[in-house]
Amino acid sequence: MTNLIVRKARLASLKNGEYYLFCKSVLKQADELVKDKQIEVYNSQKAALVKAFEQVESGYNCSRKCPETPKLHEAEMESRRTYNTFKHAVSTNAKSHRSDKKQKAGGILSVVGGKNLSTEADDYIGFIHKAVTEIESRYMSDVESLRLDGLFEDMKIANEEAIQYQQQRDAYLAAKVKMDDARKTFETEYQKFILALEYHTLFVDGDTFKPLIGYLNQLHARVGKASPKKKGNEADDAKDLDNKTGQNAKDKQNGGSAELHPEEQPQSGDDKPKEETPEAEPENGEPASGGEKGTAAGDDTTKLHPAGGKGSGGEQPDDGTSEGEEELPPMRPAN
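Since we're looking at a predicted model, the values are computed, not measured.

Trainee: Which residues make up the nonpolar core, and what values do they have?
Mentor: Note that soluble globular proteins tend to have their nonpolar side chains buried in a common cluster. Membership of the largest hydrophobic core comes to 34 residues, with the highest contact counts inside it found for F22, Y42, F186, Y190, F193 and L212. For this core, the elements supplying multiple residues, two or more each, are helix 1 (16-33), helix 2 (40-65), helix 7 (149-203) and helix 8 (210-224). The element best represented in this core is helix 1, accounting for nine residues. Within the second largest apolar cluster, 28 residues are counted, among which are L72, F127, A131 and A162.

Trainee: I'd like a rundown of helix 3 (residues 72-94), residues and numbers included.
Mentor: For helix 3, built from 23 residues, the straight-helix expectation of 33 Å at 1.5 Å per residue is met to within 8% by its first-to-last C-alpha distance of 33 Å. Listing the buried residues of helix 3 in full gives L72, A75, E76, S79, T82, Y83, F86, K87, A89, V90, N93 and A94. Close packing links the buried residues of helix 3 with helix 4 (99-112), helix 5 (121-138), helix 6 (140-145) and helix 7.

Trainee: Tell me about the pattern of salt bridges, and please be specific about residues and values.
Mentor: Counted according to the given criterion, the structure contains nine salt bridges. R169 serves as the salt-bridge partner of D170, at 2.9 Å between the closest nitrogen and oxygen. Its relative accessible area of 39% is what places D170 among the partly exposed residues. On the accessibility criterion, R169 (19% relative accessible area) is buried. D180 serves as the salt-bridge partner of K176, at 3.2 Å between the closest nitrogen and oxygen. Placement of both K176 and D180 in helix 7 is noted, with a separation of four residues, approximately one turn of the helix. Judged by relative accessible area, which is 41%, K176 ranks as partly exposed.

Trainee: Describe unusual backbone geometry, and please don't skip the residues or the numbers.
Mentor: Positive phi is not limited to glycine here, since R147 has a value of about 60 degrees. When you line up the elements, R147 lands in the loop between helix 6 and helix 7.

Trainee: Pulling in residues and values, what's your account of the packing of helix 3 against helix 7?
Mentor: Their axes nearest at 8 Å, the elements helix 3 and helix 7 cross at an angle of 155 degrees. With respect to each other, helix 3 and helix 7 are oriented roughly antiparallel. Helix-helix and strand crossings are classified by hand; for helix 3 and helix 7 the assignment is left-handed. Listed contacts from helix 7 to L72, A75, E76, E78, S79, T82, Y83, T85, F86 and A89 of helix 3 are L151, F152, D154, M155, A158, N159, E161, A162, Y165, Q166 and R169. Residue composition of the contact of helix 3 with helix 7, by class: eleven nonpolar, five polar and five charged.

Trainee: With reference to specific residues and values, describe the environment of I128.
Mentor: Along the polypeptide, I128 turns up in helix 5. Between the C-alpha atom of I128 and that of Y83, which follows or precedes it by 45 residues, the distance is 7.4 Å. Those residues in contact with I128 that sit more than four places away from it in its chain are S79, Y83, L117, M155 and N159.

Conventions and cut-offs
- Residues numbered from 1 in each chain as written.
- Predicted model: local features only at pLDDT ≥ 70, side-chain atom pairs only at ≥ 80, totals over all residues.
- Heavy atoms only, no water.
- Core = buried A, V, L, I, M, F, W, Y, C linked by side-chain atoms within 4.5 Å.
- Buried < 20%, exposed > 50% of the residue type's maximum accessible area, 1.4 Å probe, protein only.
- Helix = DSSP H or I, 4+ residues; strand = E, 2+ residues; numbered from the N terminus.
- Expected span 1.5 Å × (residues − 1).
- Contact = heavy atoms within 4.5 Å.
- Salt bridge = Lys/Arg side-chain N within 4 Å of Asp/Glu carboxyl O.
- Axes fitted to C-alpha atoms, helices over the stretch in contact; angles between N-to-C directions.
- Parallel < 35°, antiparallel > 145°, perpendicular 65-115°, else oblique.
- Left-handed = near helix turned anticlockwise from the far one by under 90°.
- Nonpolar A, V, L, I, M, F, W, Y, C, P; charged D, E, K, R; others polar.

Right, here's the structure in full:
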């Protein structure tokens with residue numbers, strides 16, 4: 001068995017839900033496979049990794065609660081339309097031969113008619129909001145007298161909706177930046193964590209981290225098989241990784257276990273499991289001589305579901321409504 005960790009994990013290709021589960025699984029297995037070891041370098045770097053994971057978890061939870069809205073453009077256009085309609089009605093009254101109408105409309109027109117709307121959505125939505133506030137405080141009685149209160153209310157409601165979608169967009173962008181920064185921080189600390197494992201294994205003690213290194217090799221191989229991500233909704237966060245879990249493995253036979261084991265590592269960089277021969281079937285869930293156990297494509301125990309239990313049959317969007325995430329399966333210590 002190699003003492004080095006196979007760096008095949010394409011972490012940058014993982015969606016946020018998959019990335020979060022990857023980080024969580026690494027720390028969970030580090031706790032289970034390396035217990036109560038007084039190793040200063042390892043413990044120090046693991047503490048830094050835990051701190052980085054807390055940022056990933058915070059960024060992930062924030063991103064789930066702030067989905068990007070596709071309705072912002074429609075809301076902006078509706079706000080512009082209702083503003084122009086109200087302004088036109090006020091201008092028409094300002095041209096009336098009745099002096100009382102002209103006077104009342106003139107005051108309102110001084111608020112809405114002195115500026116053409118900017119092409120920048122944020123600018124004109126902010127301008128309309130200020131106009132609505134000023135009209136409500138100074139000219140609302142004139143608006144009602146001219147019977148323009150219905151058009152004014154339409155403009156107000158449309159602008160408030162546009163502002164709401166703008167806030168959702170801003171929250172989404174802020175959450176995305178937070179998650180991106182958290183991922184970069186974790187990856188930096190994770191590389192240091194790997195180096196600490198390898199150094200201790202190569203130069204101090206070759207057995208202490210053997211089970212954990214075996215697990216990381218398998219995890220990296222699984223992530224390395226993940227297909228390039230499609231553009232679109234991040235509701236499919238764990239779907240692609242789930243589909244790849246058992247792609248190159250055979251179906252379970254005779255009740256064979258699909259759990260990952262630390263001793264089952266890719267040899268010489270080859271992360272595909274070797275085929276079992278009919279003459280040497282696994283016994284008690286152990287791999288046959290010269291081969292490895294396959295990960296069954298239909299075995300839900302190896303699937304990652306950021307928002308559901310085993311075999312949930314579907315994915316939950318990153319909207320903060322999920323109850324919990326399923327971990328990678330626990331592993332038995334190496335013999």
